[in-house]
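Listed below, chain by chain, are the residues.
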Amino acid sequence: MFVFVGLVVVKWVEGFENANVTDMDVQYVSGRGYYNRPLLVGLTLINGAAAKGAVCLDGSLPGYHFHRGYGSGSNSWLIQLEGGGWCGTIKNCVYSKKTRHGSSLYMEKQIPFIGILSNKAEENPDFFNWNRIKIRYCDGASFSGNSQNVRAGLYFRGQRIWQAAMEDLMSKGMRYAKQALLSGCSAGGLASIIHCDEFRELFPRTTRVKCLSDAGLFLDSVDVSGRRSLRNLFGSVVTLQGVQKSLPRSCTSRLNPILCYFPQHLIASVRTPLFLLNAAYDTWQVQASLAPPSADYRWNWFECRKNYARCSAPQLQYLQGFRNQMLRATRGFSRSYKNGLFINSCFAHCQSERQDTWFASNSPRIGNRGIAESVGNWYFDRVRVQAIGCAYPCDKTCHNLVFK
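Everything in this summary refers to the structure shown in the same document. This structure is a prediction, so every number in the text was calculated from the model and none was measured.

**Topic: the nonpolar core**
Thought 1: Membership of the largest hydrophobic core comes to 79 residues, with the highest contact counts inside it found for Ile-79, Trp-86, Ile-135, Phe-199 and Tyr-261.
Thought 2: In terms of residues, this core owes the most to one element, helix α2 (residues 158-171), which gives seven residues.
Thought 3: Those residues in contact with Phe-199 that sit more than four places away from it in its chain are Ile-79, Trp-162, Met-166, Met-174, Ala-180, Leu-181, Leu-182, Val-209 and Lys-210.
Thought 4: Among the nonpolar cores identified, the runner-up in size contains 23 residues, and Phe-127, Phe-275, Ala-372 and Tyr-379 belong to it.

**Overview of the pattern of salt bridges**
Thought 1: Within this structure, the stated rule accounts for 18 salt bridges.
Thought 2: A salt bridge links Arg-271 to Asp-197, with the nearest nitrogen and oxygen atoms 3.6 Å apart. One end of the pair, Arg-271, is in the loop between α6 (249-252) and β12 (274-279); the other, Asp-197, is in helix α4 (residues 196-200), with 74 residues separating them in the sequence.
Thought 3: The exposure class assigned to Arg-271 is exposed, which follows from its relative accessible area of 58%.
Thought 4: A relative accessible area of 15% places Asp-197 in the buried class.
Thought 5: Taking the shortest distance from any N to any O, the salt bridge between Glu-201 and Arg-205 comes out at 4.0 Å.
Thought 6: For Glu-201, a relative accessible area of 53% puts it in the exposed group.
Thought 7: One salt-bridge network, held together by shared partners, links Glu-82, Arg-100, Glu-108 and Arg-136.

**Quick look at the packing of helix α7 (residues 283-290) against helix α8 (residues 313-329)**
Thought 1: Two elements in contact, α7 and α8, have axes separated by 12 Å at closest approach and are oriented at 110 degrees. Our classification of the angle between α7 and α8 gives roughly perpendicular. Two secondary-structure elements touch here, α7 through Gln-285, Val-286 and Leu-290 and α8 through Tyr-318, Leu-319 and Phe-322.
Thought 2: Grouping the constituent residues of the contact of α7 with α8 by class yields five nonpolar, one polar and no charged.

**Side note on the packing of aromatic side chains**
Thought 1: Taken as a whole and judged by the stated rule, the model has 28 aromatic pairs.
Thought 2: Note on Tyr-64 and Phe-66: the rings are 6.5 Å apart at their centroids and 65 degrees apart in plane angle, and the pair reads as edge-to-face. For the pair shown, Tyr-64 and Phe-66 are each scored as buried.
Thought 3: Ring geometry for Tyr-137 against Phe-143: centres 5.4 Å apart, planes inclined by 35 degrees, an arrangement best described as tilted. In this structure, Tyr-137 and Phe-143 share a single accessibility class: buried.
Thought 4: Cluster of aromatic residues (ring-pair linked, three or more members): Trp-86, Phe-218, Phe-234, Tyr-261, Phe-262 and Trp-284.
Thought 5: A cation sits over an aromatic face here: Lys-210 above Trp-378, 4.9 Å from the ring centre.

Rules of the game
Residues numbered from 1 in each chain as written. Predicted model: local features only at pLDDT ≥ 70, side-chain atom pairs only at ≥ 80, totals over all residues. Heavy atoms only, no water. Core = buried A, V, L, I, M, F, W, Y, C linked by side-chain atoms within 4.5 Å. Buried < 20%, exposed > 50% of the residue type's maximum accessible area, 1.4 Å probe, protein only. Helix = DSSP H or I, 4+ residues; strand = E, 2+ residues; numbered from the N terminus. Contact = heavy atoms within 4.5 Å. Salt bridge = Lys/Arg side-chain N within 4 Å of Asp/Glu carboxyl O. Axes fitted to C-alpha atoms, helices over the stretch in contact; angles between N-to-C directions. Parallel < 35°, antiparallel > 145°, perpendicular 65-115°, else oblique. Nonpolar A, V, L, I, M, F, W, Y, C, P; charged D, E, K, R; others polar. Phe/Tyr/Trp six-rings, centres within 6.5 Å; stacked < 30°, edge-to-face > 60°. Lys NZ or Arg CZ within 6 Å of the ring centre and 35° of its normal.

Below you can see the structure in the form of structure tokens.
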């Protein structure tokens, strides 16, 4: 008999400022068995994209993975925007263009559809038979930006990739959608917020259209050195890649465009119903924004940022302050009846992409509802969802990440 220990071990990667938790080699605890024979879906390149200048960092074609819906889901569409960090310097973008996050030449030809993309009713009860698409991330700026660096051979065309992908999918039947959900994880979660209202405008008013951002609530936080590491990174991305024009005028007309790249300044102005799914102690933000190696001069956070169980009392208090900042940032957002919220007090990242956190017998819960049920209840207007879990360490349902 196996006992679930609520733990996932992940390979530690230094230089986390331009990495993403979901890119790491995740080693799942034995006995889960969630990935037995998952559906493998092939890569489709957008052949007409090059003519529109919609290309990856290296100039290759963008792409997506598409599994057709059927039955009651044949006219329902779920779009998931892939995450994968950002590149805000020429050096980092040159590196990225030789990886799957900068070139379709390095993308997997097939990927498993699990979690919110699963085709099994027992794993994904509300969306299993929808048209489900995962759009690959290869621009390094959350599907935003429109610029180029000729000398370095870099194409910053995230906005064009977004538009080309939408046009291609509309031509393949999405224009007939009765229901549509735009989702994304991490950098893709930020993109789902940025493009949410644009997505709504693709469809007639009779179509039910909503957006889901998973692990995309990046906060403009002060790091352990007293600086703002994530603001520095976002600033370089916005400046290098020409992101300003992709951001809502409702924000850039009153704030610096760099601040408008932070969701806390965007979510209040999103008109389309939006659901925020986030871990209160998001592991990416702990490692890359709050306590990155560049800010941890004496390596006091080396053990804590890899394993929450090794955090000292002052460090845990600091992380509680981060949780409080997240709750303050969503306070006004949560007052709107159209919006949904699920913030659990876990050390996790991208919980809609993993089967064990999305929908399983021991998935994380707030009250008596898990993540998949909460998202489904909100999307179909079954129950209003404004779920905030109690602070660490009271939540015993978490699947916390631990890094080697």
